[in-house]
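Here's the letter readout for the chains.
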Amino acid sequence: SERRRRAGTMFAKLTSLVTGSSLPFTLGDDKGTAWNWWTLHDAKMKADGAKVSVFRAIIPNTDEVKLGLARNSLKRLRGMKHPSIVSFKDSHEMPDRSNVTFYIVTEPVVTLAAFLGMDEMRGNPSEVLAWGLRAVVSGVSFLTNECKLVYGSLCFGSVFVSHTLDWKLGIFDLLSDHAGLAKALDPQPFAQGFPFVSGQYLPGEVHKKEWQAVADAPAWAVDAWGLGCFIQELFKGAPMEAVAELRNLGAIPRGLQGDYQKLLSSQPQKRLNPQQLLQRNSFFRTKLNDIVEFLDNLILKEEVERNRFFRSLKTSLRSLPAFLIQRKILPACLAAVEFGNVSTAALQAILDLVECVADETYFEQDVLPFLLKLLGSTDVTVRLMLLSSAAKFIRLLSGKMIESKFYPGLQPYFKDADPRIRDQTIKCMSLLAPKMNQKTLNSSLLQHLAQLQRDPEAAIRTNTTVLISKISQYLGEASCKRILLNAFTRVLNDPAPSVRNAGILAIKETSQYYGEEDISRKLVPTLAPLVTDADPGISISSFQCLEKSFQVLRAYAERREKELASVAPPQAQARPLEPSGGGFGVDEAAPASGGDPWTAGGDNDGLDLGMDLGGMDLGGDDGGWDDGGLDEMLQGSGGGVEEPSLDDGVSQHLGGLMGPAGAQEKVGPGARRKHLAPPRKTGKGKPMKLGATKRAPKSGGDDDAWGDLLA
């Protein structure tokens, strides 16, 4: 023993010299006492940042018994592999002048007390307790029946819970060979360390140190007693304080009470084998247990059985807590289908389970890789199921993950040959867009949507227009003013009524981005013909949209009138002209007496020049008119001729428009009148043909997906 101790100390010192005093992990928060001298800590590996748990024990270098027990725990745990035993990763022994510090690195776990204290475990769901107890019994049975070992320290403090809700044994200081317990010359760790165990956890033969009786009894006898103690503590919800508490059956489920009493028999030979407890007690036959067992053996099942199981999975899980589905069922499903072909039934079941996930970190690390693999599938059915279930998991995706992984894999779907894929992709983007970068939306997504507005399927064109309206709030005001109106007016001539109606509704929803010039020059000319559309719904919608547009224009005109009144000098105002028709109008039939056409009787519903001369200063050089406007209308009098008055000038101009002087024919009051427009300012270039639309030149750096949509 002394030789082994010296060898261990020498090895620890050599390790310290090689690695220095630094450890390969960063020790985190202390999670409390695990068992006796062991404490549990959160930690992160320095190499990759992986989360781990660390069991630490600080033992005086003069306490040979405790040092031996701690080293036994390191040695035993390193060689143990079982679902009900914590997974070993690394260990370190760090001596100093007065103490030896032991570190055991394992998978991330929490103490059982901490787990039962979680908010999700309020009320202690029976499914979870049955599942956990089954795992502990399974671990004890493995050690005692298959390995012929004595665990010796089973209690509330020696059981831990992993992230996937697997209950595991984690302290192995007293683990001993059952057959060697009777050897007095080479005492086993259990014989040396049992005094450190509280008396209520030890059967009578151990208290009396009858090691031969312990060796002659079944290997499970000592741990069967400890298992009975653990059952009492589990359903009580706290550690035991005295052996007398074992007589209390009030907290024990009725189905367990008989076997519980057999585990605590005073005669070692009559104690119940833990293996028999698992096999014959119906308490462990729960829905959760059946589901996990089926998933563990999925590869051995027939295709028909697998499909039937996955189709009924969602219904079977209705009574289980959401955290149990997230942390146990879903990981088991993902592990079961990781290396096999994913059937549609299995995929739909997994996508339904994703809805219960609440942990974004877990989702991105464990679930997202599986979904990205499905995203690249060539099976149309698989991709359709993934897209139609997007609402169940997109809430868990961060903007960074969408930009770097999910959206790049989704882009080919915009041009997929199957129209169902294209349509579902459009609907999916309405969920992704709020989390995406504005630059990506404007430079990439809008390009795809511009192409989809020309899709042969009317439903896709309709949904594309709806999507553009929905995501407009994320594009930025500058992009909206530059793009939206062109994008929506282009669909107003679509042959499908649903597309035209979507365009009108989209214009209504995004009206805040359109100025008066956009309304007057682009919107009204394009929208007005739809008032007489064959579809009554479109006719009504377009008229309502026009009414709203005219309200904007009316408010704009009122502001301009106020501006006009504010800039006009108060002196030398012209006499206002007020034709009887409410505006400027002229009848083709001039009065026979040659009187003033502005005072002729009858309805003046002909030409309305739209000139409000009130408040304008006509006494100056230009009479208050713009040189390119009124002067151009009055040209033709020739130089050197006396400047005509306002009435004479307008009369001469109108006379020229209606024909040569004296060529007018008198007609009756019912004669048709010509509607005249003010003359346009002519340019030096070629005249524009009727119906032509002058386009603004494209800017080289303007990434506008709808730049020429009105061509």
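Residues numbered from 1 in each chain as written. Predicted model: local features only at pLDDT ≥ 70, side-chain atom pairs only at ≥ 80, totals over all residues. Heavy atoms only, no water.

Here's the deal with the confidence of the model for the protein
Working step 1: For the protein, the mean per-residue pLDDT works out to 79, and 76% of the residues sit at or above 70.
Working step 2: The low-confidence segment residues 572-711 (pLDDT under 50) makes 125 contacts with residues lying over four places distant or belonging to another chain. (pLDDT = per-residue confidence, 0-100. Contact = heavy atoms within 4.5 Å.)

Things to note about the sheet that holds strand S9 (residues 167-169)
Working step 1: The strand order S6-S8-S9 describes an open sheet built from 3 strands, whose pairing is antiparallel. Two strands close off the open sheet at either side, each with one partner strand: strand S6 (109-111) and S9. On average, each strand axis in the sheet is tilted by 40° relative to the strand beside it, whichever way the strands run.
Working step 2: As defined by bridge partners, S6 adjoins strand S8 (residues 159-162) across 3 bridges and the pair is classed as antiparallel. Its bridge partner being in S8, Thr-111 is matched across the sheet by Phe-160. (Pairing = 2+ DSSP bridges. Helix = DSSP H or I, 4+ residues; strand = E, 2+ residues; numbered from the N terminus. Axes fitted to C-alpha atoms, helices over the stretch in contact; angles between N-to-C directions.)

Comments concerning the packing of aromatic side chains
Working step 1: Counted according to the given criterion, the structure contains 14 aromatic pairs.
Working step 2: Judged by centre distance (4.2 Å) and plane angle (20°), the rings of Phe-294 and Phe-309 are stacked. With a gap of 15 residues between them, Phe-294 in helix H11 (residues 287-296) and Phe-309 in helix H12 (residues 303-316) connect regions that are remote in the sequence.
Working step 3: Taking relative accessible area as the criterion, Phe-309 reaches 11% and is therefore assigned buried.
Working step 4: Judged by centre distance (5.9 Å) and plane angle (70°), the rings of Phe-393 and Phe-406 are edge-to-face. (Phe/Tyr/Trp six-rings, centres within 6.5 Å; stacked < 30°, edge-to-face > 60°. Buried < 20%, exposed > 50% of the residue type's maximum accessible area, 1.4 Å probe, protein only.)

Quick look at unusual backbone geometry
As a rule of thumb, non-glycine residues mostly have phi less than zero, and peptide bonds are mostly trans rather than cis.
Working step 1: At Asn-36, a position not held by glycine, the phi torsion is positive, near 50°.
Working step 2: In this structure, Asn-36 sits in the loop between strand S1 (25-35) and strand S2 (38-45).
Working step 3: In the Ramachandran plot, Lys-209 falls in the positive-phi region, its phi being about 60° despite a non-glycine side chain.
Working step 4: Topologically, Lys-209 is positioned in the loop between helix H6 (204-207) and helix H7 (211-216).
Working step 5: Note on Lys-209: relative accessible area 53%, which makes it exposed.

Observations concerning the pairing of S2
When a strand is regular, its side chains alternate between the sheet's two faces.
Working step 1: With 6 bridges connecting them, S1 and S2 associate as antiparallel partners. Among the inter-strand pairings, Trp-35 is bridged to a residue of S2, identified as Trp-38.
Working step 2: Linking S1 to S2, which pair antiparallel, is a turn of 2 residues; within it Asn-36 sits at a positive phi near 50°.
Working step 3: Both S2 and strand S3 (residues 51-60) contribute to a ladder of 7 bridges, which runs antiparallel. Bridged to Ala-43 within S3 is Val-52.
Working step 4: Connecting S2 to the next strand, S3, in antiparallel fashion are 5 residues, including Gly-49 with a positive phi near 75°.

Quick word on the environment of Leu-484
Working step 1: Mapped onto the elements of the fold, Leu-484 is located in helix H21 (residues 477-489).
Working step 2: For Leu-484, a relative accessible area of 0% gives the class buried.
Working step 3: Sequence separation of Leu-484 and Thr-465 is 19 residues, and the distance between their C-alpha atoms is 9.9 Å.
Working step 4: Those residues within four positions of Leu-484 in sequence are excluded, and the remaining contacts are Ile-468, Ser-472, Leu-475, Ser-479, Thr-510, Tyr-513 and Tyr-514.

Description of the pairing of strand S4 (residues 88-95)
Working step 1: Pairing geometry for S4 and strand S5 (residues 99-106), over 7 bridges, is antiparallel. Counted as the bridge partner of Ser-91 is Ile-104 from S5.
Working step 2: Once S4 ends, the chain turns through 3 residues before running back antiparallel as S5.

A few points about the pattern of salt bridges
Working step 1: Per the counting criterion, the structure on display carries 21 salt bridges.
Working step 2: Across the pair Arg-559 and Glu-516 runs a salt bridge whose closest N-O atoms are separated by 2.7 Å. Of this pair, Arg-559 sits in helix H24 (residues 536-567) while Glu-516 sits in helix H23 (residues 516-527), and the two are 43 residues apart along the sequence.
Working step 3: Given the relative accessible area of 39%, Arg-559 is considered partly exposed. (Salt bridge = Lys/Arg side-chain N within 4 Å of Asp/Glu carboxyl O.)

Digging into the packing of helix H20 (residues 458-471) against helix H22 (residues 497-509)
Working step 1: At a closest axis distance of 9 Å, the pairing of H20 and H22 adopts a crossing angle of 5°. Between H20 and H22, the crossing angle belongs to the class labelled roughly parallel. Where H20 approaches H22, its residues Ala-458, Arg-461, Thr-462, Thr-465, Val-466 and Ser-469 are matched on the opposing element by Ser-498, Val-499, Ala-502, Gly-503, Ala-506 and Glu-509.
Working step 2: Along the lines of polarity and charge, the residues of the contact of H20 with H22 split into 5 nonpolar, 5 polar and 2 charged. (Parallel < 35°, antiparallel > 145°, perpendicular 65-115°, else oblique. Nonpolar A, V, L, I, M, F, W, Y, C, P; charged D, E, K, R; others polar.)

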